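The lines below spell out each chain.
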Amino acid sequence: MSGILQTVSCLDGYDPDALRADKATEAIRACLSPIGEAEKIPVRESLGRVLAEDIVPSINVPAHDNSAMDGYAVRFSDLQPEETVLTEAGSAFAGRVFEGAVGPGQCVRIMTGAVMPAGTDTVVIQEVVKKDGERIVVPPGQKARQNVRYAGEDLKAGVPVLRSGRALTPADLGLVASLGIGELKVVRKLRVAFFSTGDELASIGAPLKQGEVYDSNRYTLYGMLARLGVEIADLGVVRDDPAALESAFRKASSQSDAVITTGGVSVGEADFVKQLMGKLGEVLFWKIAMRPGRPMAFGRIGNSYLFGLPGNPVAVMVTFYQFVRDALLHLSGRTDDYAIPLLKVPAAVPLRKVAGRTEYQRGILFREGAQWKVRTTGQQGSGVLRSMSEANCFIVLEHERGRVEAGELVSVQLMDALR
Ligand code: AMP
Ligand code: MG
């Protein structure tokens, strides 16, 4: 593998001390190689997993032309411009085929899903016919081939329907089942380890000492990773101590495809972590032109990618959603489009913004009558985790943009889409 620094320094406009948010995504992407190993699993276990094969139907779905309605299967060529009187020759039920052919002047009572009897091509719904014993009176105005579902109209034999690299949805599971397939080849789950760093961190269960805070980052990280469907290893809290950090990095990188840490990358702390990481692998320290979440480390230790996130709780979540999520999905073998959609919505209030950095303000998308608008959750400090709980979207204010007036369109990313 060529060096990470070598790869990113070739990118246009790469500046580790003032990196645009979109450049950081590009730089990370340029360095990643997705995991390749796959496994075969039962269809029901494959929900959310990444497909590792193309699905090409070997049969048509439906397999036969069949009725879309309850009614009468007729020969369209029999129908007159006025009323037509036909003779009922039998019944066709779903799963029970009408044996024999239907001749001129005949029709067959048919149920939804029943195979079209030979000779028929059109279904007249039962509500419009008049029935008198075996005499069936069809009114005028029927259209050729109406109310028939054709063989292969859902899936055609030989035409690929699901491509390798997509995350499987509930509809996909049903679709695969409709082909009679019971097992799927999927990419193995990505293994992700994480730990928090900081001498001030207390773990749940221990009383808080003077100057300590409970470690919340490992819980938000756990939640975000669980939603991505990766295999998670929580390695706990590690003190700001070179020996403890070194052994944590070694352990994490030896057992996982990616390691996420929080804390220890801000200017005051970076030097010592930098030295340590330099010893273990290749790690770049970035100052990203964004808020929140300016400092971040990215690199490789052994066979594992490292994401060194800032310590502030909101910065952890923003950098995870904006950089780590994309990277982990890419590593997991996703090749479908999983970018978080950006929607344009008018701002309900003016928004403070400084040009020269991308801001990810926490927003609430709400309705005023029929019009959707967005406002912020209020206090935007990177330690105010409540702002993430209250928000239902990010308001993404672009790098060049300055202050926003009420009524101007802004980009929002729904947090629901982040799952
Ligand atoms: P750092 O990036 O290590 O300088 O930390 C920045 C701020 O985030 C400090 O106020 C830390 O106390 C806080 N912080 C760091 N790690 C955590 C954590 N795991 N849980 C909650 N707060 C944290
Ligand atoms: Mg710290």
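Above this text you will find the structure in question.
Criteria and thresholds
- Residues numbered from 1 in each chain as written.
- Chains lettered and ligands numbered in written order.
- Predicted model: local features only at pLDDT ≥ 70, side-chain atom pairs only at ≥ 80, totals over all residues.
- Heavy atoms only, no water.
- Donors = N, O, S within 2.8 Å, 3.2 Å for Na, K, Ca; no water.
- Helix = DSSP H or I, 4+ residues; strand = E, 2+ residues; numbered from the N terminus.
- Core = buried A, V, L, I, M, F, W, Y, C linked by side-chain atoms within 4.5 Å.
- Buried < 20%, exposed > 50% of the residue type's maximum accessible area, 1.4 Å probe, protein only.
- Near = heavy atom within 4 Å.
- Polar contact = N/O pair within 3.5 Å; in protein donor to acceptor, adjacent residues only side chain to side chain.
- Areas by Shrake-Rupley, 256 points an atom, 1.4 Å probe, with all protein chains shown as cover.
- Nonpolar A, V, L, I, M, F, W, Y, C, P; charged D, E, K, R; others polar.
- Axes fitted to C-alpha atoms, helices over the stretch in contact; angles between N-to-C directions.
- Parallel < 35°, antiparallel > 145°, perpendicular 65-115°, else oblique.
- Left-handed = near helix turned anticlockwise from the far one by under 90°.
- Contact = heavy atoms within 4.5 Å.
- Expected span 1.5 Å × (residues − 1).
- Arc of directions from axis to C-beta.

What is the right way to look at the coordination of the magnesium ion (ligand 2) in this model?
Each angle at a metal carrying four tetrahedral donors should ideally be 109.5 degrees, and each at a metal carrying six octahedral donors should ideally be 90 or 180 degrees. Protein coordination at the magnesium ion (ligand 2): the donors are E269 (OE) and E269 (OE), at 2.7 Å from the metal. For E269, the location among the structural elements is in helix α6 (residues 267–280).

Got a minute to help me understand the nonpolar core in this structure?
Looking at soluble globular proteins, one finds that nonpolar side chains tend to be buried together. Counting 54 residues, the largest nonpolar core has I260, W286, F307, F320 and L328 as its most contacted members. When residues of this core are assigned to their parent elements, the largest contribution, 12 residues, is made by helix α7 (residues 313–331). V238, V273, V283 and A297 belong to the second-largest nonpolar core, a separate cluster that totals 20 residues.

Please explain the site of ligand 1 as it appears in this structure.
Lining the immediate surroundings of ligand 1 are 15 residues, of which E200, D215, S266, E269 and G311 lie closest. Between a nitrogen atom of ligand 1 and a main-chain N or O atom of S216, the distance comes to 3.1 Å. Measuring from an oxygen atom of ligand 1, one finds a backbone N or O atom of G311 at 3.0 Å. Protein contacts shield 79% of the accessible area of ligand 1, which totals 480 Å² for the unbound molecule. In terms of residue class, the shell around ligand 1 is made up of three nonpolar, nine polar and three charged.

Would you explain the packing of helix α2 (residues 21–31) against α7 in this entry?
The relative placement of two packed helices is expressed as an angle between their axes plus a distance between the axes. Two numbers describe how α2 lies on α7: the axes approach to 10 Å, and their chain directions differ by 25°. By the angle class used here, α2 and α7 are roughly parallel. Both α2 and α7 take part in a crossing whose hand is right-handed. For the pair α2 and α7, the contacting residues are A21, A24, T25, I28 and R29 in the first and Q322, F323, D326, A327 and H330 in the second. Taken together, the residues of the contact of α2 with α7 break down into five nonpolar, three polar and two charged.

Is there a simple way to think about helix α4 (residues 217–228) in this case?
Residue pairs three or four apart in sequence face the same way in an α-helix, which turns once every 3.6 residues. A rise of 1.5 Å per residue sets the reference length of α4, with its 12 residues, at 16 Å; its end C-alpha atoms lie 17 Å apart and thus fit the reference within 8%. When we look at burial in α4, the residues that qualify are N217, R218, T220, L221, M224, L225 and L228. For α4, the arc enclosing every buried residue in end-on projection is 160°, short of the 170-degree limit, so these residues lie on one face. Looking at the buried residues of α4, the elements they touch are β12 (191–197), β15 (231–238), β16 (258–262) and α7.

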